[in-house]
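# Working through the structure, step by step
These are the residues of each chain, in order.
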Amino acid sequence: MALASCDLSSNGVPPDLKASVYRPGNQKPVDSVLKVRVGDKAPDFTLPSVSGKKVTLSSYRGRRNVVLTFVPAAYTPVCSAQWPGYNISLGLFESHDATLLGITTDNLPSLHAWTVAMGGLDFEALSDFWPHGKVASRYGLLRSDGTTERALVVIDKQGVIRYIDVHDINQRPPLEDLIGELSKLD
């Protein structure tokens, strides 16, 4: 299956969102120390979603693989291209029996406004706002400025971490790499 393109406009940011995007400039690529490793049981959590649900990681155990996509902040350029790209490619995740969960330390009203501005998302967007960054901190992905790293964590159906990519915060992780890791779980 060919990978879906995310070239929605220059830099991948949807055209209607471009004027609202905050441009922080280049940041330190990684600013945290991981607290989990491949082979560890994934720390469980329950977070509120933009959809109004409370989402618990362990509820997928025994049923679905899970991809956690941590992004630093709403209305920033790379994040505003990364999640819409994943939304376009949800069929690829589904083909590997994987559920995508987006996590950011933004509060729910900001996260809601951003997802609406992106045209909506067909995966759960979760707020790790309060207690601030608790989940990101448990994984070792909370940056010193209170945002999260740009990170991907693949968790198998047994709840075991199979892949971690703490990516340069200034760049979007290649979708091909992520799908390649998911294919190893088939």
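Now for a quick tour of the structure. (Residues numbered from 1 in each chain as written. Predicted model: local features only at pLDDT ≥ 70, side-chain atom pairs only at ≥ 80, totals over all residues. Heavy atoms only, no water.)

With respect to the helices and strands, R143 occurs in the loop between α4 (134-139) and β6 (150-155). For R143, a relative accessible area of 6% corresponds to the buried category. Ignoring anything within four residues of it in the chain, the contact list for R143 reads Q27, K28, P29, V30, D31, T148, E149 and I169. (Helix = DSSP H or I, 4+ residues; strand = E, 2+ residues; numbered from the N terminus. Buried < 20%, exposed > 50% of the residue type's maximum accessible area, 1.4 Å probe, protein only. Contact = heavy atoms within 4.5 Å.)

Ranked by internal contacts, the top residues of the largest apolar core, which has 26 residues, are V67, W83, Y86, F93, W114 and L178. Residue assignment for this core shows that the elements contributing at least two residues are α1 (77-88), α2 (90-94), β4 (98-104), α3 (108-117), β6 and α5 (175-183). Take this core: its biggest share by element is four residues, from α5. Leave out the neighbours within four places in its chain, and W83 touches T69, V71, G102, I103, T104, L111, W114, M118, L121, F123 and A125. Formed by 22 residues, the second largest nonpolar core is a distinct cluster that contains I103, L141, V153 and I164. (Core = buried A, V, L, I, M, F, W, Y, C linked by side-chain atoms within 4.5 Å.)

With mixed pairing, five strands are arranged side by side in an open sheet as β5-β4-β3-β6-β7. Across the chains shown, the open sheet's two edge strands, defined by having one partner strand only, are β5 (124-127) and β7 (161-167). Averaged over all adjacent pairs, the angle separating strand axes in this sheet is 20°, with direction ignored. Pairing analysis gives six bridges linking strand β3 (residues 65-70) to β4, with the strands arranged parallel. Within β4, the position partnered with T69 by the bridge is G102. Contacts from α1 reach β3, β4, β5 and β6 within the one sheet, and its direction differs from that of β6 by about 25°. On the sheet, α5 packs against β3, β4, β6 and β7 and is oriented at approximately 15° with respect to β6. (Pairing = 2+ DSSP bridges. Axes fitted to C-alpha atoms, helices over the stretch in contact; angles between N-to-C directions.)

For the rest of this paragraph, the subject is α3. Listing the buried residues of α3 in full gives L111, W114 and T115. The buried residues of α3 all sit within an arc of 95° when viewed along its axis, so they share a single face. In this structure, α3 carries P109 and V116 as exposed residues pointing more than 90 degrees from its buried face. Check the buried side of α3 and you find it contacts α1, β4 and β5. Taken from the residues just after α3, G119 is the one with a positive phi, measuring 95°. (Arc of directions from axis to C-beta.)

Before going further, it helps to spend a moment on the pairing of β7. The element β7 is largely enclosed, with a buried count of five among its seven residues. Between the antiparallel neighbours β6 and β7 lie five residues, among them G159 with a positive phi of about 85°.

Let us now look at unusual backbone geometry. Residues W130 and P131 are joined by a peptide bond in cis, for which omega reads -10°. By secondary structure assignment, the location of P131 is in the loop between β5 and α4. A positive phi is found at Y75, a non-glycine position, where the angle reads about 60°. Within the element layout of this structure, Y75 appears in the loop between β3 and α1. With relative accessibility at 22%, the residue Y75 sits in the partly exposed group.

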